[in-house]
Amino acid sequence: MGLTFRNETFRDDFTYTNSPSNIRRFPFPFVEDQYRYSVNIEPHTPGPKGSPFEYHFDVDEHYVSEMRDRAMVLAADPLRCQALPHMMTAQWDMLELLMTSLARDYPEHFTLHRDGSAWHWINRPLGIDQKFTFLDASTLPYQPMEFIGRQVQGDFSIQDQRDNQLWMDAGIITSQADWSLDFDVGMNFFEWHGPVPLAHEAGVFERALKFLLNLQIGKPVRRLNWTMTINPRLDTSPENYHKWASDRMTVTPENVGKKVHLRVEMQGLFRLPRSNAILFSIRGYLMSFEQIVTVPKWGRRLPRVLASLPPELVEYKSLGRYRDMALAYLAPYDDGAPTSPGG
Ligand code: HEM
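Remember, it's a predicted structure, so these values are computed and weren't measured experimentally.

Participant: Can you walk me through the site of the ligand in this structure?
Facilitator: Taken together, 25 residues sit near the ligand, with Tyr37, Trp192, His193, Tyr316 and Lys317 positioned nearest. Between the ligand and Tyr37 there is a distance of 2.4 Å, counted from an oxygen atom to a side-chain nitrogen or oxygen. Side-chain polar atom of His193 to a nitrogen atom of the ligand: 2.8 Å apart, as the coordinates give it. Elements with a minimum of two residues in the shell around the ligand: strand E6 (155-162), helix H6 (189-192), helix H7 (204-213) and strand E8 (221-230). Of all the elements, H7 adds the most residues to the shell around the ligand, at four residues. Class assignment for the residues of the shell around the ligand results in 17 nonpolar, five polar and three charged.

This is the structure we're talking about:
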């Protein structure tokens, strides 16, 4: 596969960018010229070779730098990783799923040897070589969720299932779009979705929960979600609001193409075998408008979507301050041609 890991930053001087081949594999989320909330869940089956859907957990050129950024966030704020005590079995489930997936899908980078409960994990890009006893947390340098969560791109939360509900009882969340694990931990599916506009009334969350409560082992599902971020910043948490909220004021007609990034989340949902919990993976992809418009069909569609958003979504995603500038920047890329359904 020949991955070359970039050495880049997601803060301060923001050296993050996408190589030309990474631009082409960006999971552009819009399948028509307008966007509305829906229960957009599909089976997480293997997608085209080289696409972010090829494997359950996508590793790309940003891997090493993203893991470095996660370590910085955790060093500054350990509460970004929390697990309630009854989630230990689910933590091991998560570790097993991630290690077996990565070792199977990226053998040149990850190896897992298993001899009964004696496990040996090798992560070459991060230089980790760890022998441990499966189900014995004292043999790892961190709890199992944190140990493996520090080695996989994207955030993770684990939901316990009881009383016909899902409860966010564990997570490692360092690159979120303005929500807080520390605030949400222990909440249920309707509670943590509380701030989302329009979707509750439309029955989206009721139907989504019903579906998830019946999720089967070995039949994961996925969905795409999106928002926009100023600068390629991973950590847009409420905890650090003071560091990034004012970035929105720095957007000008001259720099809008460089500064405004479409942030796409590929979310996976996996039933875990021992705990019956559900693992939720939130794998983020960032791309500047300047890079998006290098693909003509995306440049054509993005302004149409942005122009047609309901005001409640503009407000929830905090796009108001720079939407007109973004539309003016994108306008020349929409030649009025019809677009085809699908990405
Ligand atoms: C937003 C978590 C599954 C639809 C959110 C937020 C969180 C979250 C923390 C941010 C809420 C805030 O503003 O504070 C989760 C977890 C899930 C899950 C842990 C799995 C158990 C789903 C599913 C759907 C969904 C299956 C399907 C319809 C949404 C939507 C938003 C949202 C539409 C608003 C996003 C936006 O406009 O940027 N979710 N979610 N979620 N979630 Fe979920």
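Participant: Looking at this structure, how should I read the sheet that holds strand E3 (residues 110-115)?
Facilitator: Hydrogen bonds between backbone groups are what pair the strands of a sheet, and the pairing can be parallel or antiparallel. Sheet architecture is open: three strands sit in the order E3-E4-E5, paired in antiparallel fashion. A single partner strand is all that each edge strand has here, and the edge strands are E3 and strand E5 (128-133). Neighbouring strand axes in the sheet, compared pairwise and without regard to direction, differ in orientation by 10 degrees on average. Inspection of the sheet shows strand E4 (residues 118-123) paired to E5 by six bridges, in the antiparallel sense. From the neighbouring strand, Trp119 faces E5, where its bridge partner is Phe132.

Participant: Help me understand the sheet that holds strand E9 (residues 260-271), please; the structure alone is not making it clear to me.
Facilitator: Reading across from one edge, E1-E8-E9-E10-E6-E7-E2 is the order of the seven strands in this open sheet, with antiparallel pairing throughout. The open sheet has two edge strands with one neighbour each: strand E1 (42-43) and strand E2 (81-83). Lying over the sheet, H7 contacts E6, strand E7 (165-172), E8, E9 and strand E10 (278-288), oriented at roughly 80 degrees with respect to E7.

Participant: What should I look at first to understand helix H3 (residues 88-105) in this one?
Facilitator: Residues lying three or four places apart along an α-helix face the same way, a consequence of the helix completing one turn every 3.6 residues. With 18 residues, H3 should cover 26 Å at 1.5 Å per step; its first-to-last C-alpha distance of 26 Å lies within 8% of that length. Among the 18 residues that make up H3, 13 are buried, leaving the element largely enclosed by the rest of the structure.

Participant: What's the story with the pairing of E8 in this structure? I'm lost.
Facilitator: Where a strand is regular, its side chains alternate between the two sheet faces. Counted residue by residue, E8 has nine buried out of ten residues, so it is predominantly covered. Two strands pair when backbone bridges link them, and E1 and E8 are joined in this way by two bridges, in the antiparallel orientation. Residue pairing for E8: Pro43 is matched across the bridge by Val221. Bridge analysis of E8 against E9 gives ten bridges, and the strand direction is antiparallel. Counted as the bridge partner of Val221 is Leu269 from E9.

Participant: Explanation requested: the packing of aromatic side chains in the structure shown.
Facilitator: Two aromatic rings, taken as a pair, are described by how far apart their centres are and by the angle between their planes. Here the structure, examined in full by the defined rule, presents 25 aromatic pairs. A ring pair is formed by Phe28 and Phe30, whose centres lie 5.4 Å apart and whose planes are at 85 degrees; its orientation type is edge-to-face. Residue Phe28 is classed as buried on the basis of its relative accessible area, which comes to 8%. Look at Phe30 and you get buried, because its relative accessible area is 2%.

Participant: Any chance you could explain the pattern of salt bridges here in plain terms?
Facilitator: Any two side chains of opposite charge can pair, so long as their charged atoms come close to each other. By the definition in use, this model includes 24 salt bridges. Here Glu42 ties to Arg222 by a salt bridge, and the two come within 3.0 Å at their closest N and O atoms. Note that Glu42 is positioned in strand E1 and Arg222 in strand E8, a separation of 180 residues in sequence. Classification of Arg222 by relative accessible area gives buried; the value is 9%.

Participant: What is the right way to read the nonpolar core from this model?
Facilitator: In summary, soluble globular proteins display a tendency toward joint burial of nonpolar side chains. Formed by 56 residues in total, the largest nonpolar core has its most connected members in Met228, Leu262, Phe289 and Leu309. A per-element tally of this core places H7 first, with six residues. Excluding residues within four positions of it along the chain, Leu262 makes contact with Phe26, Phe28, Pro29, Phe30, Trp226, Thr227, Met228, Tyr285, Leu286, Met287, Phe289 and Ile292. In terms of nonpolar packing, the next biggest core, distinct from the first, is built from 35 residues, Cys81, Met87, Leu102 and Phe270 among them.

Participant: How do you make sense of the pairing of E10 when you look at a structure like this?
Facilitator: Within E10, ten of the eleven residues are buried, which leaves the element mostly enclosed by the surrounding structure. Pairing analysis gives five bridges linking E6 to E10, with the strands arranged antiparallel. Of the residues in E10, the one forming a bridge with Ile158 is Leu279. Where E9 and E10 come together, eleven bridges link them in antiparallel fashion. Counted as the bridge partner of Val264 is Tyr285 from E10. Between E9 and E10, which pair antiparallel in sequence order, lie six residues; one of them, Asn276, sits at a positive phi of approximately 65 degrees.

Participant: Can you help me understand the environment of Ser117 in this one?
Facilitator: Its location among the elements puts Ser117 in the loop between E3 and E4. According to the relative accessible area criterion, Ser117 is partly exposed, its value standing at 38%. Taking the C-alpha atoms as reference points, Ser117 and Arg271, 154 residues apart in sequence, are found 22 Å from one another.

Definitions and limits used
Residues numbered from 1 in each chain as written. Predicted model: local features only at pLDDT ≥ 70, side-chain atom pairs only at ≥ 80, totals over all residues. Heavy atoms only, no water. Near = heavy atom within 4 Å. Polar contact = N/O pair within 3.5 Å; in protein donor to acceptor, adjacent residues only side chain to side chain. Helix = DSSP H or I, 4+ residues; strand = E, 2+ residues; numbered from the N terminus. Nonpolar A, V, L, I, M, F, W, Y, C, P; charged D, E, K, R; others polar. Pairing = 2+ DSSP bridges. Axes fitted to C-alpha atoms, helices over the stretch in contact; angles between N-to-C directions. Contact = heavy atoms within 4.5 Å. Expected span 1.5 Å × (residues − 1). Buried < 20%, exposed > 50% of the residue type's maximum accessible area, 1.4 Å probe, protein only. Phe/Tyr/Trp six-rings, centres within 6.5 Å; stacked < 30°, edge-to-face > 60°. Salt bridge = Lys/Arg side-chain N within 4 Å of Asp/Glu carboxyl O. Core = buried A, V, L, I, M, F, W, Y, C linked by side-chain atoms within 4.5 Å.

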